[in-house]
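Coordinate inspection notes
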Amino acid sequence: MLIIKDISNLQSYLTAYQNRKYSIGFVPTMGALHKGHGELIKKSKNDNHKTIVSIFVNEKQFNSKEDFNSYPRNKGLDYDFCSDNDVDLLFEPSSEEIYNKDETILKNTNYNNILCDKYRKGHFDGVITVLNKFFSIVKSDKVYFGEKDFQQLKIIEKFIQEKYKFLEIVSVPTKRNEEGIAYSSRNEKLSKKQIQDFVSFHQKVENFLKSLEKSFDINTANQKAKDFIVEQDIEELDYFEFRNNNDLSFNGRVSESRLFYAIYKGKVRLIDNLKV
Ligand code: AMP
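A few points on the structure.

Rules used throughout
- Residues numbered from 1 in each chain as written.
- Predicted model: local features only at pLDDT ≥ 70, side-chain atom pairs only at ≥ 80, totals over all residues.
- Heavy atoms only, no water.
- Pairing = 2+ DSSP bridges.
- Helix = DSSP H or I, 4+ residues; strand = E, 2+ residues; numbered from the N terminus.
- Axes fitted to C-alpha atoms, helices over the stretch in contact; angles between N-to-C directions.
- Contact = heavy atoms within 4.5 Å.
- Near = heavy atom within 4 Å.
- Polar contact = N/O pair within 3.5 Å; in protein donor to acceptor, adjacent residues only side chain to side chain.
- Areas by Shrake-Rupley, 256 points an atom, 1.4 Å probe, with all protein chains shown as cover.
- Nonpolar A, V, L, I, M, F, W, Y, C, P; charged D, E, K, R; others polar.

**Re the sheet that holds strand β2 (residues 24–29)**
Pairing is parallel in the open sheet, where six strands are placed in the order β1-β4-β3-β2-β5-β6. Looking at the sheet topology across the chains shown, the edges are occupied by β1 (2–4) and β6 (168–172). Neighbour to neighbour, the strand axes of the sheet diverge by 25° on average, direction disregarded. Sheet topology note: the β2/strand β3 (residues 50–55) ladder contains six bridges and is parallel. Paired with Gly25 across the two strands is Thr51, which belongs to β3.

Structure follows, in structure tokens:
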């Protein structure tokens with residue numbers, strides 16, 4: 001496996017791949033790799049001749065320095081993970097390699113002021129700013145994103161339609177552990193007790209979903225969601241609501257929606273979305 005840190009070196013490998021007419025799949029990540037990332041890599045390996053994974057903890061998408069500094073990082077394990085998953089090329093640039101001193105931050109204008117965008121102001125501006133850089137450097141055929149970050153996926157779909165028409169976006173379903181919680185780098189920051197509480201919360205949410213009438217409209221389901229969530233022992237909550245799968249609106253039936261939530265365990269913010 002190649003580990004490359006600078007753009008010029010990367011370009012020479014990309015040119016070699018292109019000369020051989022290899023198709024390239026790209027999996028952007030922030031590292032602390034887990035089985036969820038593994039699913040994206042597997043899918044890319046299946047679809048393409050070569051798979052490139054990037055690891056870059058993007059400061060511009062964090063709302064606080066503290067959150068950025070405490071984001072899990074485990075270089076050595078990530079190298080092993082990529083190598084065990086037969087990644088062809090790991091791109092791990094520094095911040096200086098990616099950003100100019102006075103980098104212009106792009107403004108995301110899609111799916112604004114709802115869900116995570118409402119509570120993490122500027123977060124998606126940082127996401128599309130870094131992807132704009134990565135897409136223009138890597139120039140892959142396909143790029144892989146997880147449904148775990150569903151609003152992000154929708155925003156990137158729009159961004160690609162608007163600016164990178166040559167690129168095909170592939171979405172990958174959320175990978176969960178045996179107890180049903182989604183793999184996430186942030187889970188590493190939870191204590192055993194917090195994990196247990198989170199699993200028990202998740203199981204209650206699953207039961208709540210099973211109890212819902214599929215014929216409800218989304219607004220009715222959201223009334224039920226409000227009644228359910230006030231009964232739970234949650235330290236802090238940003239949102240817990242159903243939204244339409246296609247446009248993230250409140251229109252339509254619950255059968256065409258997902259339940260989205262962002263909750264806190266201690267200082268750790270956990271997000272998930274569940275198909276109804
Ligand atoms: P991150 O490193 O958290 O920025 O995530 C990199 C990519 O992996 C994003 O496209 C995420 O949506 C995806 N991802 C993270 N967790 C999971 C999971 N449990 N299942 C599937 N994809 C995931």
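**Considering the sheet that holds strand β9 (residues 268–275)**
Ordered by their spatial adjacency, three strands build an open sheet running β7-β8-β9, and the pairing between neighbours is antiparallel. A single partner strand is all that each edge strand has here, and the edge strands are β7 (236–244) and β9. Strand-to-strand twist across the sheet, computed as the mean angle between neighbouring axes with direction ignored, equals 10°. Here strand β8 (residues 257–265) runs beside β9; their pairing, made up of eight bridges, is antiparallel. Each residue of the ladder has a partner; that of Ile263, found in β9, is Leu270. Strands β7, β8 and β9 of the sheet are contacted by helix α9 (residues 192–211), whose axis makes an angle of about 155° with β8.

**As for the site of the ligand**
Around the ligand, the structure places 16 residues, and the nearest of them are Met30, His37, Asp149, Lys175 and Tyr183. A distance of 2.6 Å separates an oxygen atom of the ligand from a polar side-chain atom of Asp149. In the model, a nitrogen atom of the ligand is placed 2.8 Å from a nitrogen or oxygen of the Tyr183 main chain. Protein chains bury 92% of the 490 Å² of accessible surface belonging to the ligand in isolation. Going through the elements one at a time, β2, α2 (35–47) and β5 (142–146) are the ones with two or more residues in the shell around the ligand. Per-element accounting of the shell around the ligand gives the leading share, three residues, to α2. The residue makeup of the shell around the ligand, split by class, is seven nonpolar, six polar and three charged.

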